[in-house]
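For reference, the chains in residue letters:
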Amino acid sequence: MRVYELAKELGVDSKVLLEQLKKLNFSVKSHMSVIDSDTAEIIKNEIRDSKKKEIEANAVEADFPIMLKDLAIKLNVKSSQLLTHFIKEGRFLTINQSLDEATAKGIAYSYKVNLVKKPSAEEAIIKGETGAALQKRAPIVTIMGHIDHGKTSLLDYIRKSKIAEKETGGITQHIGAYQVDLPKGKISFLDTPGHETFTAMRARGVNITDIVILVVAADEGVKPQTIEALDHAKNAKLPIIVAITKMDKPTANPDLVKQQLAKLDVLSEDWGGKITTIGVSVKNGLGIDELFDLIILQAELMELKADYGRPGLGVVVEAKLSRGKGPLVTILVKDGTIRVGDWCVCGLYWARIRAIHDDKGVSVDKAEPSFPAEIVGLNGVPNPGDQLFVVPDEKNARQIVEKRREEEERKKLIPAAHFKLEDLYKKIKEEKQKQLKVILKADVGGTLEAVEAALKKIPSEEIELVIIHKGVGTINASDIMLAVVSDAIVVGFKVIIEPQTRDLAKKNGIEVRVYQIVYELIDDVRAALEGMLAPQIKRIFIGRAKVKSVFNLSKSGIVAGCMVEKGKIFRGSPCQVYRENDVVFEGKIQTIKRFKDEVREVGEGFECGISVGFPEIKANDIIDAFNEEMIARRLK
C-alpha cells in the first residue's frame with residue numbers, strides 16, 4: 001500500500017500522514033512510498049485513536065431533531081457550508097430543514113465535533129448525582145433454573161429460616177422481593193417466575209440483578225430449562241453461582257451435574273474452571289449458609305455501591321390492584337432513597353407516596369438502595385421493569401407522564417425494528433454489527449447438532465457467527481425475549497412457532513425464520529454473510545486532463561483551465577489530482593465548462609474549465625478521471 005492510498009482510507013492529508021510516520025521512526029520519502037501491511041495497521045490504529053480522542057473531547061450538546069441553521073451555530077460554521085455539503089450529496093435543503101440525530105452527528109463528526117444528545121429534564125432527574133461519597137449496598141440476587149429443580153423450595157427455605165424465625169406469627173405477607181439480614185451483611189432476593197421475566201426486564205432497559213443463582217437438581221442434572229436459564233444469565237454478563245439442589249436424595253450425583261455443565265462451557269472451580277458450585281438441601285439445610293457466604297464474597301469482589309443521598313430510583317418487580325389500597329407496587333431500590341411524601345413517576349403514572357411497606361408488611365418511612373419495598377399511592381398499575389424515580393414536585397411529575405404518554409401513542413404507529421438478515425451489510429458498514437447472533441431451535445437433538453455444525457463451517461473472517469442459545473422444541477416466548485435483549489435472529493428447523501409467540505415476535509420486531517430443508521437454512525445465512533462483505537472497487541480509467549492555468553471566479557470558485565489529453569472527462573466522475581507523480585487530492589469532477597456553458601462531458605483535444613473542489617490545484621497538475629465498478633465478494 002502506498003502512503004497516499006493509506007491517507008485516503010484514513011481521511012487525512014498525505015502530508016499529515018508523512019509527518020506521523022516520521023514521528024514513529026518509519027522511513028518514508030514521499031506520498032508514493034510503499035509501506036507494508038503491518039506498518040499500515042499500526043498507523044491506522046494511531047491515527048484513528050488520536051482522531052477519535054480529539055473528536056470525543058470536543059463534545060457539544062444538542063437537541064434532536066435539529067434545524068440546519070442551528071447545527072451550523074453549534075459547529076461554528078456558516079449555514080452555506082452545510083448546504084454545500086448536502087448539495088454535493090445530491091440533497092437540496094434549506095437552513096430551516098430539520099436533521100435527524102444520525103445525520104447531524106455524521107456531519108458534526110466531519111467537522112471534528114462530538115455532537116451529544118442534550119439530556120432531557122427526565123434524564124437529568126434520573127441521573128440525579130449528588131456528588132456525595134458512594135456507600136456499600138446489598139447484592140440483588142435472582143434464582144433461576146429448570147422447573148421442579150428446587151428453586152421455589154430454596155426461596156421458601158431462605159424466607160422461613162432467615163426472616164420468619166425472627167417474626168412472631170411468621171410472614172405476614174409475601175411480595176416479589178425480600179431481604180435477609182446475615183451477620184456478614186444483607187442480601188436481597190428477587191423472586192421472579194423465571195428467566196423469561198428476568199430477560200423481559202432487561203428488554204425494558206433495566207438490569208436489576210447483580211448475581212444469578214442457577215439451581216440444578218443433583219438427581220436429574222441439566223434439563224432444557226436449565227440451558228435456557230444459563231444462556232439468559234450469560235447474555236446478561238452476570239456472575240453465576242451454581243447451586244446443586246436435592247443433595248439429600250440417595251440418587252444425588254453432583255459430579256454428573258458438573259460434567260454436564262462443563263459441556264456447556266460452565267466449568268466448576270474444583271474442575272479447574274471459574275464457576276463456583278455448591279451442593280445444597282432444603283430438607284436439612286446443607287450448604288445454605290455456605291451459599292450465603294459465597295454471595296457475600298462475590299458482592300465484595302464486585303464492590304457494589306450506591307448514592308444514598310440522591311432522590312430515589314427503583315425498579316418495579318410486580319404490581320397489582322388492591323380493592324382497599326389501590327395500586328400496590330413492589331420495587332427494589334437501585335439508587336438513592338425513597339421517602340413517604342415524595343412525588344414520583346413510574347411508567348405512565350405518577351403519585352405522591354402515601355406509604356412504604358417492607359417485605360414483611362411493616363410500615364417504614366424510607367427505602368434505601370437494594371431495599372425491597374411496597375409503594376402505596378400510585379394512580380395506576382405500572383409494568384414489571386418500569387423505573388420508579390423521585391421528582392421535585394407535582395408539576396414535574398405531570399409533565400414527564402404527559403410527555404411519556406404522547407411518546408407511547410407515537411410508538412404505536414411505528415412498528416418495532418430489530419435485526420434482519422437483510423440489514424447485515426448495512427450494519428457492518430456502520431460498524432454497529434460485528435457478530436451475527438443466532439438463536440437456533442430444531443426438532444431433535446441430533447438434527448440440532450448437525451445444523452449447528454453446518455452453520456459453524458461457513459467461513460467468514462469479518463463477522464463472527466455466534467449461536468447464543470440452542471434447544472430442542474417449539475420456538476417459545478423465552479427465545480423471543482432473549483432475541484430482544486441480544487438483537488439476535490431466531491432460526492428454526494422442522495419446528496413450529498405458536499401463534500402467540502409469533503405475535504410477540506412481530507410486536508418486538510424480531511425476525512423468525514423456520515425451515516424444512518437444511519440447505520435453505522444454510523444458504524440463507526451464507527447469503528447474509530456474503531451480503532455484508534464490503535465489495536471490491538475496481539477503477540477503470542476514462543480520461544486525463546492537464547491544468548494549463550487556474551482561475552478564482554466570484555461565482556464558481558476555483559476553476560482549472562485544462563486541456564483534455566486522453567479519453568473523455570465526465571461531470572460527476574471520481575478523479576485524482578497528481579502533482580509530480582504524487583496524488584495530492586481525490587474527489588469528483590464537480591463542474592465542466594466550455595466557454596460560458598456548463599457541459600456534461602469534454603472529449604480528447606478540447607479545452608475546458610474543470611472544478612474538482614480542490615482550492616490548492618496548480619498549473620501543470622494532472623487530473624485523471626475514472627469509473628468505479630463494484631465487484632461483489634464471495635465467501636471462500
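Relevant structure appears above.
Conventions used here
- Residues numbered from 1 in each chain as written.
- Predicted model: local features only at pLDDT ≥ 70, side-chain atom pairs only at ≥ 80, totals over all residues.
- Heavy atoms only, no water.
- Helix = DSSP H or I, 4+ residues; strand = E, 2+ residues; numbered from the N terminus.
- Contact = heavy atoms within 4.5 Å.
- Areas by Shrake-Rupley, 256 points an atom, 1.4 Å probe, with all protein chains shown as cover.
- Buried < 20%, exposed > 50% of the residue type's maximum accessible area, 1.4 Å probe, protein only.
- Arc of directions from axis to C-beta.
- Pairing = 2+ DSSP bridges.
- Axes fitted to C-alpha atoms, helices over the stretch in contact; angles between N-to-C directions.

Caption draft 1: Quick peek at the overall build of the protein. When you go through the protein residue by residue, the secondary structure sums to 18 helices and 35 strands. Across the protein, every contact between residues at least 6 apart in sequence was considered, and the portion connecting residues at least 24 apart equals 70%. Accessible surface, the protein: about 33,400 Å² in total, of which carbon and sulfur atoms supply 50%.

Caption draft 2: Examining helix α2 (residues 14–23) more closely. Those residues of α2 not exposed but buried are Ser 14, Leu 17, Leu 18, Gln 20 and Leu 21. On an axial view of α2, the arc spanned by its buried residues comes to 160 degrees, and they lie on one face. Set apart from the buried face of α2 by more than 90 degrees, the exposed residues are Lys 15 and Lys 23.

Caption draft 3: Just the sheet that holds strand β26 (residues 512–515), in detail. Strand order in the open sheet made by the 4 strands is β24-β23-β25-β26, with parallel pairing throughout. Looking at strand neighbours, the two that pair on one side only are β24 (464–472) and β26, the edges of this open sheet. Recorded for the sheet is a direction-independent mean angle of 25 degrees between the axes of neighbouring strands. As paired elements, strand β25 (residues 489–493) and β26 share 4 bridges and run parallel to each other.

Caption draft 4: Region of the structure containing the sheet that holds strand β19 (residues 363–364). Strand order in the open sheet formed by 8 strands is β17-β16-β22-β13-β14-β21-β18-β19, and the pairing between neighbours is antiparallel. Each end of this open sheet is capped by a strand with a single partner; those strands are β17 (349–352) and β19. Sheet topology places strand β16 (residues 343–346) next to strand β22 (residues 387–391); 4 bridges connect them, and they run antiparallel. Looking across to β22, one finds that Cys 346 is bridged to Leu 388.

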